[in-house]
Every structure is written in structure tokens, then in C-alpha cells.
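Residue-level structural notes
So the chains spell out like this:
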Amino acid sequence: MSNKTFMMIKPDAVERGLIGDILKDITDAGFKIIALKLTQISINEAQTFYSVHKERPFFNELTSYMSRSPIVAAFLEKDNAVSDFRKLIGDTDPSTADEGTIRKKYAISKGENSVHGSDSDDNALIEASFHFSGREILS
Ligand code: DAT
Ligand code: MG
């Protein structure tokens, strides 16, 4: 089991000034930030990042939303990072997310759900490599 996960603060949350609140929730939960950047992805980059969902009916909505305004990308370290971070953010749909989770607190809808968290150790590394060069990651 790896101790790293990748996350993004998505456009809906950056647009509403929630970067600081969400990073505070993440560090309060015991995650150490080992890489961090504010950036904006192109629609092509969003299509690559979410290519696993390319046959899904919400793919166009998802990729245009993710590229419409800036995001924050972060690489995080903690024991059981992937599963603990998924617990911290809650269900994909904020209406069914547990009380106190980041998506319950901040997300607008299933599509505009404020945060991304990797779903496996392998994907955490793939996704972090998409956004960060080696020298941008603390060792
Ligand atoms: P998660 O982000 O919880 O891992 P996912 O991998 O199933 O969820 O989907 C990726 C993103 O796609 C999700 O965060 C929001 C969007 N999405 C998923 N299902 C959707 C739906 N039914 N309608 C609109 N957007 C959806
Ligand atoms: Mg997912």
C-alpha cells in the first residue's frame, strides 16, 4: 500500500474562493502536501486526464467544466493516503456524501463536486505525473 495520493480542487471551488478552506481541511486531517500548484488545464488535457470516462454520457460536461477556469493540483502523503482521502472527500454526489466530508460541505452537484481524489495507488502516481515534474515533488 502506498502512502501518496493525488487531488485537485476543481473549478467550482476555486471560483468560489474555497482554496484555503479545502487545503485547511486536508492538512487538519493529517495529510502532508508534497507538491502544489494553481493551474488551468485545456480541454484536450481534461480529455486525457479523464480518458477512462470517455464513453460515459457526462464526458463532454465533465471535460468542459474541468477546463473552464483554474484548478489546484496537489500531491499528498499520509498512511493509507488513497482510501483515507476518499473518505475525507465523501461520495461523488454531495447529496449522498456523509456529513463533514469535503463534498458534503462544499460541492454543488455530482458534476461540480469541488474535489478530485485518486482511486488507486497506481492512478495516484499516473495523475501526479500528469501535473508535476520530479523536481516539483518534495522527497
Ligand atoms: P469520483 O470523482 O468520485 O472518483 P468518478 O470517477 O465516477 O467519481 O467520476 C469522475 C467525475 O465525473 C466525478 O467526480 C464527477 C463526474 N461525474 C461522475 N458521474 C457523473 C454523473 N452521473 N453526472 C455528471 N457528472 C458525473
Ligand atoms: Mg474517480
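Description of the structure in this document. Numbering of residues starts from 1 in each chain and follows the order in which that chain's sequence is written. Labels follow written order: the first chain is A, the first ligand is 1, and so on. Two thresholds apply to this predicted model, a pLDDT of at least 70 for residue-level local features and 80 or more for giving and counting side-chain atom pairs, whereas whole-chain, interface and lining totals are computed over all residues. Just so you know, side-chain values use all the structure's heavy atoms and leave hydrogens and water out.

**Here we look at the overall build of the chain**
Rules: Helix and strand labels come from DSSP, where a helix needs a run of H or I of at least four residues and a strand needs a run of E of at least two; each type is numbered from the N terminus. Our radius of gyration looks at C-alpha atoms and nothing else; its globule reference is 2.2 Å times the residue count to the power 0.38. Working definition: with a 1.4 Å probe on protein chains only, accessible area under 20% of the residue-type maximum means buried, over 50% means exposed, and in between means partly exposed. Under the convention used here, a 1.4 Å probe and the Shrake-Rupley method define accessible areas, while residue burial counts only the protein chains that appear.
Of regular secondary structure, the chain possesses seven helices and four strands. Walking the chain from its N terminus toward its C terminus, one meets helices and strands in the order β-α-α-β-α-α-β-α-α-β-α. Taken against the 2.2 N^0.38 rule, which gives 14 Å for 139 residues, the C-alpha radius of gyration of the chain at 14 Å falls within 12% of a compact globule. Oriented by its inertia axes, the alpha-carbon framework of the chain measures out at about 35 × 35 × 30 Å. Among the 139 residues that make up the chain, the fraction classed as buried is 43%. Of the roughly 7200 Å² that the chain leaves accessible, carbon and sulfur atoms contribute 49%.

**Topic: the site of ligand 1**
Put simply, the rule reads: Whether a residue is near a molecule or strand depends on its heavy atoms: it is near if one of them lies within 4 Å of it. By the criterion applied in these results, polar contacts are pairs of N or O atoms within 3.5 Å in which, for protein atoms, one can donate a hydrogen and the other can accept it, and in which residues neighboring in sequence qualify only through two side-chain atoms. Residues were grouped as follows: Ala, Val, Leu, Ile, Met, Phe, Trp, Tyr, Cys and Pro as nonpolar; Asp, Glu, Lys and Arg as charged; and all remaining residues, including Gly, as polar.
Close to ligand 1 lie Lys-10, His-53, Phe-58, Glu-61, Leu-62, Arg-86, Thr-92, Arg-103, Lys-110, Gly-111 and Asn-113, which account for all nearby residues. Between ligand 1 and His-53, the relevant distance is 3.1 Å, taken from an oxygen atom to a side-chain nitrogen or oxygen of the residue. Within the side chain of Arg-103, a nitrogen or oxygen atom sits 3.0 Å from an oxygen atom of ligand 1. Its free accessible area being 520 Å², ligand 1 has 80% of it covered by the protein chains. Looking at the shell around ligand 1, its residues break down into two nonpolar, four polar and five charged.

**Some thoughts on the pattern of salt bridges**
Going by this rule: By convention in these notes, a salt bridge is any Lys or Arg side-chain nitrogen within 4 Å of a carboxyl oxygen on Asp or Glu.
All told, the structure shown has ten salt bridges when counted by the stated rule. The partner of Lys-4 in a salt bridge is Glu-77, with the nearest N and O atoms 3.6 Å apart. Here Glu-77 lies in strand E3 (residues 71-77) and Lys-4 lies in strand E1 (residues 4-9), a separation of 73 residues in the sequence. The exposure class assigned to Glu-77 is partly exposed, which follows from its relative accessible area of 24%. A salt bridge links Lys-78 to Asp-84, with the nearest nitrogen and oxygen atoms 2.6 Å apart. What you see here is one network of salt bridges that share partners, running through Glu-15, Arg-68 and Glu-112.

**Some thoughts on the environment of Lys-78**
We apply this condition: What makes two residues a contact is simply this: any of their non-hydrogen atoms within 4.5 Å.
Along the chain, Lys-78 turns up in the loop between E3 and helix H5 (81-89). The exposure class of Lys-78 is partly exposed, given its relative accessible area of 23%. On a C-alpha basis, the gap between Lys-78 and Lys-4 in space is 6.3 Å, while along the polypeptide they are 74 residues apart. Ignoring sequence-local partners within four residues, the contact set of Lys-78 consists of Asn-3, Lys-4, Ala-29, Gly-30, Phe-31 and Asp-84. Within the structure, the side chain of Lys-78 is placed 2.6 Å from the side chain of Asp-84, a separation counted as a polar contact.

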